Structure formats: structure tokens, C-alpha cells
Amino acid sequence: WKRGIDMLVCESGILYVRASLAPLAKQIRARKGVLNFLRDKLEFDEVLVPYFQGARPFWRPAAVVGAPHKTHSGALGRLVAGLPGGVVSHHPTHAFAGQGERVAQVLGRHTGETACFSPIRELAETSDFSMLLVGCLEESPGFSSVHVAQNMLGLSQRHLIRYLLRWDVPVDGVMHSRLAPEAPGCSESFDKFYPHYEQDGNLQRGEWDGVPWIFVPSAYKALQTELAILKDEPRFVKCGKRLCPTCSFRLY
């Protein structure tokens with residue numbers, strides 16, 4: 001790939017990316033940073049990535065006000081959070097990191113009073129953006145817009161595991177714990193949406209030095225597809241594991 005040739009163009013100049021960086025480590029080092037590497041492949045101005053922490057099971061101690069903000073979403077979130085101008089939202093379980101004026105404004109509104117994936121919904125509905133999955137297609141398929149659709153349809157609020165989870169939210173310097181209002185749940189079967197994106201002309205596939213990627217140009221268009229499918233078939237995303245805590249234990 002060469003700059004300016006066969007570039008993937010991101011809607012509104014905003015890119016949401018989930019990635020496993022390990023298979024691309026050599027190329028990223030050669031380009032002196034992950035954003036330089038991505039800008040060789042895509043045209044974008046702003047970036048958004050997961051910085052998830054996960055909800056607390058009720059039997060574990062509550063978080064402490066001022067404790068370091070850690071993520072289990074991998075190196076990409078930490079790298080973006082540490083960029084000049086990088087920001088991290090203040091949601092207690094599903095924070096996002098990003099860089100760019102519009103992304104920063106949306107992340108500034110993402111707190112424990114908003115839905116887990118509200119930045120995805122807000123950006124999709126106000127300006128649209130593009131989504132990239134690279135290097136982790138097998139172990140972590142699909143796109144976060146599905147979680148938005150589940151929330152909008154009231155499905156993530158009906159996953160029974162949420163009754164075992166707590167959100168820890170600081171208020172005036174004191175940590176308050178409350179029952180998790182939603183549990184986004186299992187995403188292992190989100191690749192079931194791929195053929196539907198393709199039918200809409202909203203999915204591209206490829207490889208970078210043998211590392212596979214999937215690109216959805218329009219998150220808004222993907223969200224409308226997901227809403228239509230899940231409205232008719234709420235259990236469309238079912239991983240098949242008998243004891244999956246969300247696919248097998250839900251009130252729909």
C-alpha cells in the first residue's frame with residue numbers, strides 16, 4: 001500500500017478502530033506509531049477506540065475515588081489515551097479513548113449517567129463515521145454498533161447478569177455504587193451481521209501484510225441494519241454456548 005493509493009476513506013473523517021496490534025508490531029514500529037501506520041491505509045482526521053474496564057461483580061470491593069484508570073481493551077486504548085490531545089471518557093465500565101475535536105466533545109459527555117456505548121450512537125447519528133476491525137477477526141468479531149442497537153431496543157437492559165454487576169460512580173468525592181442498568185453482553189456471534197452489511201454495500205475486506213481487516217464505511221447505515229434485524233429477531237446474536245452468561249440468561 002502507498003499513501004494516496006487504494007486508501008479507505010472514513011465517513012466524516014472519523015475512524016473507530018478495534019485492533020490486535022501484536023501481528024502488526026513490526027509495521028507499526030517501522031512507521032513510528034500506530035496512527036502513522038493507520039494513516040498509510042485510511043483517510044481520517046479523528047480516532048476513537050475502546051478503553052473498557054468492565055463492570056464490578058457485587059462481591060468484589062468497590063472502586064476507590066482517584067484510583068488509576070485502567071483498561072483491559074489492550075494496547076491500542078492506552079496508546080490513543082497517551083497521544084497529544086488524547087482524551088478518555090468517564091464512563092465507569094465502558095470508557096472510550098480518542099483524539100480529535102468532535103470525538104473529544106462526545107467523550108466529555110460519556111459518564112455513568114449515559115449508556116455504555118452512547119459515544120457510538122451519538123457520533124453515528126450526528127456525523128456518521130467508519131469502523132475498522134483488524135488483527136482480531138476470529139477472537140473478537142463484529143462491531144460495537146450492535147451493542148447500541150441492543151440498548152436502543154431495550155435488550156441489553158434485560159440481560160440477567162446485570163443484577164450481579166455494579167457501576168462505581170464518584171459523586172462529590174465519594175464513590176457511589178449502583179446496580180448496572182445494562183450489560184452489553186456477548187459479542188462472539190456478531191459476525192452474523194457481516195453478510196447483511198455486504199448486502200447493503202457497507203463492508204470491505206482485505207489484508208495488510210497477511211493480517212486480515214474488515215471495514216464498514218458507515219456506522220449509521222450498519223446501525224440501521226442491526227436495528228431492523230434485532231427488532232424482528234432479538235436472539236439473532238446467540239453464540240451457542242449453553243452457559244453463556246448473556247446469550248443463555250436473558251429475559252427475551
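Above: the structure in question.
Below you will find a few notes about this structure. Remember, it's a predicted structure, so these values are computed and weren't measured experimentally. (Residues numbered from 1 in each chain as written. Predicted model: local features only at pLDDT ≥ 70, side-chain atom pairs only at ≥ 80, totals over all residues. Heavy atoms only, no water.)

What to know about the overall build of the chain
Point 1. When you go through the chain residue by residue, the secondary structure sums to eight helices and twelve strands.
Point 2. For the chain, the C-alpha radius of gyration of 18 Å lies close to 18 Å, the compact-globule estimate for 252 residues.
Point 3. Overall, the chain is about 50 × 45 × 30 Å in size when its C-alpha atoms are taken along their principal axes.
Point 4. Considering the chain as a whole, with its 252 residues, one finds that 48% of them fall into the buried category.
Point 5. Counting only contacts in the chain whose residues sit at least 6 apart along the sequence, the fraction spanning at least 24 positions is 66%. (Helix = DSSP H or I, 4+ residues; strand = E, 2+ residues; numbered from the N terminus. Rg over C-alpha atoms; globule rule 2.2 N^0.38 Å. Buried < 20%, exposed > 50% of the residue type's maximum accessible area, 1.4 Å probe, protein only. Contact = heavy atoms within 4.5 Å.)

What to know about the packing of aromatic side chains
Point 1. The full count for this structure, using the stated rule, is 13 aromatic pairs.
Point 2. Centre to centre, the rings of Phe96 and Phe117 are 5.9 Å apart; their planes meet at 75°, and the pair counts as edge-to-face. With Phe96 in strand 7 (residues 94–99) and Phe117 in the loop between helix 4 (101–108) and helix 5 (118–126), this residue pair connects regions lying 21 residues apart in the sequence.
Point 3. Overall, the relative accessible area of 5% leaves Phe117 in the buried class.
Point 4. Among the aromatic residues, ring-to-ring pairing joins Tyr16, Phe52, Phe96, Phe117 and Phe129 into one connected group.
Point 5. The ring of Tyr163 carries Arg162 above its face, with NZ or CZ at 4.4 Å from the centroid. (Phe/Tyr/Trp six-rings, centres within 6.5 Å; stacked < 30°, edge-to-face > 60°. Lys NZ or Arg CZ within 6 Å of the ring centre and 35° of its normal.)

Considering the side chain of His110
Point 1. Here His110 lies in the loop between helix 4 and helix 5.
Point 2. At 3.1 Å, the side chain of His110 forms a polar contact with the backbone oxygen of Ala115.
Point 3. If sequence neighbours within four positions are ignored, His110 has contacts with Ser89, His90, His91, His94, Ala95, Phe96, Ala115, Cys116, Ser118 and Pro119. (Polar contact = N/O pair within 3.5 Å; in protein donor to acceptor, adjacent residues only side chain to side chain.)

Notes on the nonpolar core
Point 1. In this structure, Phe129 and Tyr197 are the most contacted members of the largest nonpolar core, which totals 44 residues.
Point 2. In terms of residue count, helix 8 (residues 219–232) provides more of this core than any other element does, six residues in total.
Point 3. Cys10, Val34, Ala97 and Phe215 belong to the second largest nonpolar core, which has 26 residues in total. (Core = buried A, V, L, I, M, F, W, Y, C linked by side-chain atoms within 4.5 Å.)

Details of unusual backbone geometry
Point 1. The backbone of Lys32 sits at a positive phi, close to 60°, despite the residue not being glycine.
Point 2. Topologically, Lys32 is positioned in the loop between helix 1 (25–30) and helix 2 (34–39).
Point 3. Even without being a glycine, Asp172 presents a positive backbone phi close to 55°.
Point 4. Relative to the helices and strands, Asp172 is located in the loop between strand 9 (165–171) and strand 10 (174–179).
Point 5. On the basis of relative accessible area, Asp172 is assigned to the exposed category, the value being 77%.

Notes on the environment of Arg250
Point 1. In this structure, Arg250 sits in the segment after helix 8.
Point 2. Arg250 gets classed as buried once you look at its relative accessible area, which sits at 7%.
Point 3. Spatially, the C-alpha atoms of Arg250 and Arg158 are 5.8 Å apart, while their sequence positions differ by 92 residues.
Point 4. Arg250 has contacts with Arg158, His159, Leu160, Pro234, Arg235, Val237 and Lys238, leaving out every residue within four places of it along the chain.
Point 5. Among the polar contacts listed, one links the side chain of Arg250 to the backbone oxygen of Cys247, at a separation of 3.1 Å.
Point 6. Here Tyr252 takes part through its side chain, which lies 3.1 Å from a polar atom of the side chain of Arg250.

Here we look at the sheet that holds strand 7
Point 1. Here we have seven strands laid out as an open sheet, ordered 6-7-4-2-8-12-11, and mixed in their pairing. Pairing within the sheet leaves two strands with one partner each, and these edge strands are strand 6 (87–88) and strand 11 (204–208).
Point 2. Here two bridges tie strand 6 to strand 7, and the two strands are oriented antiparallel to one another. Residue pairing for strand 7: Val87 is matched across the bridge by Gly98. (Pairing = 2+ DSSP bridges.)

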